[in-house]
Each structure stands twice: as C-alpha cells, then as structure tokens.
Amino acid sequence: MALNLSPERRAEVDRFMRGLIRRNPGEPEFHQAVREAAEYLIPFTHERPEYRHARILERLTEPDRAISFRVCWTDDAGNVRTNRGYRIQFNNAIGPYKGGLRFHKSVNASVLKFLGFEQILKNSLTTLPMGGGKGGANFNPKGKSDGEMMRFCQSFMTELHHYIGQTTDVPAGDIGVGTREIGYLYGQYMRLSGTFDGVLTGKGAAWGGSLVRTEATGYGLVYFMKEMLRTRGDGLRGKTCLVSGAGNVAQYTVEKLNGLGAKVVTLSDSSGFVYDKDGIDAEKLGWIMELKNERRGRIGEYAAKFGCEFHAGKRPWGVPADLAFPCATQNEIGRADAEALVANGVIGLAEGANMPTEPEAMDVLLKAKILYAPAKASNAGGVAVSGFERTQNSMFLSWPRAEVERRLQEVMKEIHRKCVRYGRQGDFVNYVRGANIAGFVKVADAMLALGVV
Ligand code: NDP
Ligand code: 2IT
C-alpha cells in the first residue's frame, strides 16, 4: 500500500476493511475501491474527529439501496434470454444519484458497487450538486443486432423506470452504453412516463442532449493532464502518448491530444493493442470511429489497414512514451506494467477508465513521483457535462458548444486546484490523496448537516 501509516492507523484501516469485507463477501472490486480511499480518509478523520464520531466512512460505504431485477428479452432467433439488471443508489447527500449504466458480461454487484462508490467522490469533486450511483447489466453487447439491443434496452428500462427521475436518480452511459443505447432507453422511459424531463444524460443533441457530452470525458482527461504538466512548467506539445481502449473515452482523448500537439501511438481493445509509430492522426482516428461506432469491428483491423504492429492479447504499457492514458477498464495496469512505464521514462499518467491501476501498480507510480491522476479526478469531465446537460434540460435551452467547453475546462481546473490543496506533500502533489479527501469533505459535511439518516 502506498502510505507509510503509523501502526495504529494501519491497524485501524485493516479493522475497517475486515468489517467491510465481512459485510460484502466476494466483492473484490468493491473492496479495492474502498481500501484505496480508506487509506487516506481514515487518517484524515483524525484531523476532523466530528467525521469519526458521526461514523461518516461507515455510512458512506453502505449503499442507500441496491436494486437488482430480471431483464427478459427475445433474440433475433426467437430465443427467450434472461439477464440481471442493477441500479446501486449509493449516496445522495449532495444531490440526486448520478452515474452511468454499464452493459458488459463482467457486470455484477461488486463491479457496480466499486463504480458507485467512486462516483460519490468524483461527483463531489465536479463542484456540481450530484450524488453517486451506478447501474447496468451482465449483458454482452458484442455481436447483437440493433433490434436485439433495442429490445434489451426497452426491457431494462421497463423495470428501471420505477426507480429513476430527474430529481431522484439520473443515469447515463458507461462501457457498452453509448448514444444508441441511451436513445432506446430514453424512448422507452418517455413512453412509460409520458414526460420529456431529461432523466438520462448522454442524449443526442436533437433530443435533449448537451453539446460536448460525447467528447467530455476524453477532453476533460487531457485538460487535467495539461494542468498537471503546467505545475512542472511543461506542456503537451510534442509528447508521445499511450492510450488504451478504443471506445468513447479513448477516441476523444486521442482527438484532444492531437489538437494540442501531442502524438498518440497506441490504442487497444479486449483483443490486443496496435502500435502506430507515426501517430494516430485525425484521419486515422476518423477511421477508428467508423470501425468502433458504426461497424463495431476489432482493433486488429487498424493494423492491417495502416500497416502497423498489432500485439494480440497484450496491453500497450511496454511501449516507450512520455504520457499514458488508460481508457479501457478496471485493473488494466498491473505492477509490472507500472514498472515498465516508469523504466521507460513516463512522466505522467491520467486515468480515463475507472480504477484502471491495480493497488501494487499505484504504489509504483506514487513512489516514482510521476504526475499521476486517479480516475475520480481526471475522468470527471464526463459526468460534469452530464450535470450541465441536466441543467440545460431543466431550463429548456441548449448552450452553445463554446459555452460547454469553457465550463468543462473550468471544472477540470477547479478539480486540479482541489487536488493540489489537499494533496500537496512538500514539493510533490499526491493527487490520490488530494482527490479522495477533497471529494470526501463536501459529502461528509453534507451528511453531518443532514443528521443521522
Ligand atoms: P466503451 O464501451 O465506449 O469502450 C470500452 C473500451 O474498453 C473498448 O475498447 C473495450 O474493448 C475496452 N474494454 C472494455 N472492457 C474490457 C476488458 N475487460 N478488457 C479489455 N478491454 C476492455 O466505454 P467507455 O469508453 O465509455 O468507457 C471506458 C472506461 O472509461 C470505463 O472504465 C468507464 O467506466 C470509464 N468512464 C467512462 C465515461 C463516459 O462518459 N463514457 C466517464 C468516465 C469514465 P472491447 O470492445 O473489445 O470490449
Ligand atoms: O464513470 C463515469 O463517470 C461515467 N460513466 C459518466 C456518468 C455520468 O452520469 O455521466
């Protein structure tokens, strides 16, 4: 673990984690996410005893409610299929529950509780009034037709609509849920509720969506890296970058990096990664977007098309570069990957995916004192623009693109400032400490004010 805790604090963290594990058996992702935060928050509560007396951390790690439901649908061959849907409403002390829906075969209660817990602190960091939640289904979108996707989404929403609402819980996209799926989900929600109240975010611009929501997570991630580099008098121009994933977050990370003069040499999906020494320029990125968003093909096709390397079943972290942006999924950087990044001279890593770095890898990055941003700070641009989408829906108007981009940049700068405020340790900024504590303080103060509920 990253911190040199005193034996008393170490024992306290271990005791807290034993209780959490006993209450939530068999949920390793949830344990991992809570432990990362608890390592910083438990010592911090000794500076603010009122949080300890009110048992804020115990209450914050128990979801307000966890809903699970059956989702039945019929595939194109006429077979009846059954999946499990979820919505974890984790904490609404500072605003309505807010967080994405993930459709992936690996989805279970542990994955969604880790994501929901992270979302509480992330949403708090955005400065906007949003609580934390997450949902999804153990549904594999790969190879499904449009019709199958629509029927699944309609069945999912038929149950979910009982639990969501503009002032209660506002879902959005995540892995496997993009504009197409949000459309099918929103269509069914409107049919059932008879209202156009913007209860989902990530909608298309013609039907209530915000400009820049599609781009927001990737753009925000790059803005955050820019802020970190600025603390060392450095910038993005001329930097060689590794990006993993090839979905929504990865695509717009590449777009913004290109726009600011950096060069991206890798992308990946679950089949492996491509290494393009010449850089993935705007034209090649356009081809990727068509491949991934329209044809829904595999990343290896890129290597065949542009004559570069494809490494099947591998991750890109051994490629020499200046900056790294994991944008695929949780635990995609292990200890050996982090050691390779550091040995190759990487100076910064900002997480686009949620919890992409394993705890042992996090230790390596923190020890090396590189510019390292945890997801709850660096990928908060997506949910921030979701917050702006909700605001625009409530006002029945649409802000121009420049206005949303300006606000997104302001939010990322503000998150960076908060991380520095709480994370500074001598001349080093521990962004993990900064993000966890800054996110926690707002929620904890709200919980104190709201009493024991
Ligand atoms: P997409 O579904 O658009 O893309 C996901 C990408 O990650 C695909 O390239 C996918 O490859 C790869 N991937 C997913 N699971 C795995 C896995 N188990 N192993 C290897 N590769 C995998 O999702 P997003 O881009 O929206 O999300 C990516 C990450 O960013 C997630 O961690 C998400 O929680 C996070 N995030 C997303 C936000 C958003 O606004 N969309 C906001 C903040 C964070 P393949 O197609 O082969 O599965
Ligand atoms: O992890 C995340 O922050 C998201 N998937 C976005 C959530 C949202 O409500 O926009």
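Let me sum up the structure you'll find in this document. (Residues numbered from 1 in each chain as written. Chains lettered and ligands numbered in written order. Predicted model: local features only at pLDDT ≥ 70, side-chain atom pairs only at ≥ 80, totals over all residues. Heavy atoms only, no water.)

## Overview of the site of ligand 2
(1) Moving on: Around ligand 2, the surrounding shell holds 14 residues, and the nearest of these are Lys98, Lys122, Asp174, Arg213 and Ser386.
(2) Moving on: For ligand 2, an oxygen atom lies 3.0 Å from a polar atom in the side chain of Asn354.
(3) Moving on: The protein chains hide 93% of the 300 Å² of surface that ligand 2 would expose on its own.
(4) Moving on: Elements represented by at least two residues in the shell around ligand 2 include exactly β3 (97–103), α5 (109–125) and α15 (381–395). (Near = heavy atom within 4 Å. Polar contact = N/O pair within 3.5 Å; in protein donor to acceptor, adjacent residues only side chain to side chain. Areas by Shrake-Rupley, 256 points an atom, 1.4 Å probe, with all protein chains shown as cover. Helix = DSSP H or I, 4+ residues; strand = E, 2+ residues; numbered from the N terminus.)

## Here's the deal with the site of ligand 1
(1) Moving on: Around ligand 1 there are 25 residues in total, and Lys142, Asp174, Ser270, Arg298 and Asn354 lie nearest to it.
(2) Moving on: In the model, an oxygen atom of ligand 1 is placed 3.5 Å from a nitrogen or oxygen of the Gly352 main chain.
(3) Moving on: Against a free-state accessible area of 890 Å², the protein chains account for coverage of 83% of ligand 1.
(4) Moving on: Listed by contribution, the elements that provide at least two residues to the shell around ligand 1 are α8 (213–230), α9 (248–259) and β7 (263–269).

## Overview of the packing of α9 against helix α10 (residues 282–295)
The angle between the axes and the distance between the axes are what describe a pair of packed helices.
(1) Moving on: Relative orientation of the contacting elements α9 and α10 amounts to 170°, with a least axis distance of 11 Å. As judged from the angle between their axes, α9 and α10 are roughly antiparallel. Packed against α9, whose contacting residues are Gln251, Tyr252, Val254, Glu255 and Asn258, the element α10 presents Ala282, Leu285, Ile288, Met289, Lys292 and Asn293 at the interface.
(2) Moving on: When its residues are assigned to classes, the contact of α9 with α10 shows 6 nonpolar, 3 polar and 2 charged. (Axes fitted to C-alpha atoms, helices over the stretch in contact; angles between N-to-C directions. Parallel < 35°, antiparallel > 145°, perpendicular 65-115°, else oblique. Contact = heavy atoms within 4.5 Å. Nonpolar A, V, L, I, M, F, W, Y, C, P; charged D, E, K, R; others polar.)

## As for the sheet that holds strand β4 (residues 131–137)
(1) Moving on: Strand order across the open sheet formed by 5 strands is β1-β2-β4-β3-β5, with mixed pairing between neighbours. Lying at the two open borders of the sheet, with one neighbouring strand each, are β1 (65–74) and β5 (169–172). Pairs of neighbouring strands in the sheet enclose a mean axial angle of 20°, with direction left out of account.
(2) Moving on: As judged from the 5 bridges shared by β3 and β4, these two strands associate in the parallel manner. Paired with Lys98 across the bridge in β4 is Gly132. (Pairing = 2+ DSSP bridges.)

## Observations concerning the side chain of Asn123
(1) Moving on: Turning to its location among the elements, Asn123 is positioned in helix α5.
(2) Moving on: We classify Asn123 as buried; its relative accessible area is 0%.
(3) Moving on: Once you skip the residues sitting within four places of it in the chain, Asn123 turns out to touch Lys98, Leu128, Met130, Gly131, Gly132 and Val383. (Buried < 20%, exposed > 50% of the residue type's maximum accessible area, 1.4 Å probe, protein only.)

## Some words on the pattern of salt bridges
(1) Moving on: Applying the stated rule across the entire model yields 31 salt bridges.
(2) Moving on: The shortest N-O distance in the salt bridge between Arg102 and Asp174 comes to 2.7 Å. Of this pair, Arg102 sits in strand β3 while Asp174 sits in the loop between β5 and α7 (179–193), placing them 72 residues apart in sequence.
(3) Moving on: The buried category is assigned to Arg102, whose relative accessible area is 3%.
(4) Moving on: In this structure Asp174 comes out as buried when scored by relative accessible area, which is 19%.
(5) Moving on: Lys292 serves as the salt-bridge partner of Asp269, at 2.7 Å between the closest nitrogen and oxygen. (Salt bridge = Lys/Arg side-chain N within 4 Å of Asp/Glu carboxyl O.)

## A look at the environment of Phe273
(1) Moving on: Within the secondary structure layout, Phe273 lies in strand β8 (residues 272–275).
(2) Moving on: In sequence terms Phe273 and Glu309 are 36 residues apart; their C-alpha atoms lie 8.4 Å from each other.
(3) Moving on: When sequence neighbours within four positions are dropped, the list of residues in contact with Phe273 reads Thr266, Leu267, Ser268, Glu309, Phe310, His311, Lys314, Arg315, Pro316 and Val319.

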